[in-house]
Amino acid sequence: MRVEGSCHCGETVFEVTEAPASVTRCTCSLCAKRGALWAYYTPAQFRLLSPAENLATYLWGSRTVKHHFCASCGCGTYSESPDWSTGKPDFDNPRVAVNARLFDEFDLETVPVTMIDGKNLW
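Residues numbered from 1 in each chain as written. Predicted model: local features only at pLDDT ≥ 70, side-chain atom pairs only at ≥ 80, totals over all residues. Heavy atoms only, no water.

J.: Would you mind going over the overall build of the chain with me for this structure?
T.: Along its length, the chain carries 2 helices and 10 strands. Along the chain direction, N to C, the helices and strands of the chain fall in the order β-β-β-α-β-β-β-β-β-β-β-α. In terms of overall size, the chain behaves like a compact globule, its C-alpha atoms giving a radius of gyration of 14 Å where 122 residues would be expected to give roughly 14 Å. Along the first, second and third principal axes, the C-alpha set of the chain runs to 35 × 30 × 30 Å. Split into buried and exposed, the 122 residues of the chain put 39% on the buried side. A fraction of 56% describes how many contacts in the chain between residues 6 or more apart in sequence connect residues 24 or more apart. As displayed, the chain offers around 7,100 Å² of accessible surface, 51% of which is attributable to carbon and sulfur atoms. Side-chain charges in the chain split into 11 positive and 14 negative, and the spacing between the mean points of these groups amounts to 9 Å. (Helix = DSSP H or I, 4+ residues; strand = E, 2+ residues; numbered from the N terminus. Rg over C-alpha atoms; globule rule 2.2 N^0.38 Å. Buried < 20%, exposed > 50% of the residue type's maximum accessible area, 1.4 Å probe, protein only. Contact = heavy atoms within 4.5 Å. Areas by Shrake-Rupley, 256 points an atom, 1.4 Å probe, with all protein chains shown as cover. Lys, Arg positive; Asp, Glu negative; His and termini not counted. Charge placed at Lys NZ, Arg CZ, Asp CG, Glu CD.)

Next up, the structure:
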């Protein structure tokens with residue numbers, strides 16, 4: 001079941017191939033300030049439906065993660081990064097972290113939330 005999402009103003013629209021089974025709350029400084037709940041996908045499972053020009057990108061710290069946000073309303077939409085599940089970047093397995101708070105017609109209360117201690121890991 002595909003799930004579509006969008007920023008506040010609707011200028012940035014995306015879809016994923018399936019609803020998340022869980023979401024992640026990261027405590028790093030950026031994620032904490034954004035308030036995002038992340039759902040992780042492979043690049044093949046994610047599709048940007050609006051023009052890429054509608055996005056702006058923030059590179060922080062190691063500059064290995066592209067944090068995208070709507071250039072009009074500022075909502076943090078998704079991030080592209082290597083797989084960090086081992087604590088180190090795996091560039092052979094890229095991931096797309098989608099801000100699940102932006103999913104349309106999806107009840108976040110139905111999935112468990114896992115916390116990552118990004119404040120002390122990164």
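J.: Mind showing me how you'd approach the sheet that holds strand S1 (residues 3-6) here?
T.: To summarise the sheet geometry, strands pair through backbone hydrogen bonds and adopt either a parallel or an antiparallel arrangement. Here we have 3 strands laid out as an open sheet, ordered S1-S2-S5, and antiparallel in their pairing. Each edge of the open sheet carries a strand with a single partner, namely S1 and strand S5 (46-48). Adjacent strand axes in the sheet meet at a mean angle of 20°, parallel and antiparallel pairs treated alike. Pairing analysis gives 3 bridges linking strand S2 (residues 13-16) to S5, with the strands arranged antiparallel. Following the sheet pairing, phenylalanine 14 is matched in S5 by leucine 48. (Pairing = 2+ DSSP bridges. Axes fitted to C-alpha atoms, helices over the stretch in contact; angles between N-to-C directions.)

J.: Teacher, can you tell me more about the side chain of glutamate 15 here?
T.: Along the chain, the position of glutamate 15 falls in strand S2. In contact with glutamate 15, other than residues within four places in its own chain, are Arg2, Val3, Glu4, Gln45, Phe46, Arg47 and Leu49.

J.: What exactly am I supposed to notice about unusual backbone geometry here?
T.: Leaving glycine aside, a negative phi is the common case for residues, and trans is the common case for peptide bonds. Although it is not a glycine, glutamate 105 adopts a positive phi angle of roughly 55°. Within the element layout of this structure, glutamate 105 appears in the loop between strand S9 (90-99) and strand S10 (113-116).

J.: Please clarify how the pattern of salt bridges should be interpreted in this entry.
T.: It is possible for side chains of opposite charge to pair when their charged atoms get near one another. The tally for this structure, following the rule as stated, stands at 2 salt bridges. Glutamate 15 serves as the salt-bridge partner of arginine 2, at 3.5 Å between the closest nitrogen and oxygen. In this pair, arginine 2 sits in the segment before S1 while glutamate 15 sits in strand S2, placing the two residues 13 residues apart along the sequence. Of the residues examined, arginine 2 reaches a relative accessible area of 54% and is grouped as exposed. Connected via shared salt-bridge partners are Arg2, Glu15 and Arg47. (Salt bridge = Lys/Arg side-chain N within 4 Å of Asp/Glu carboxyl O.)

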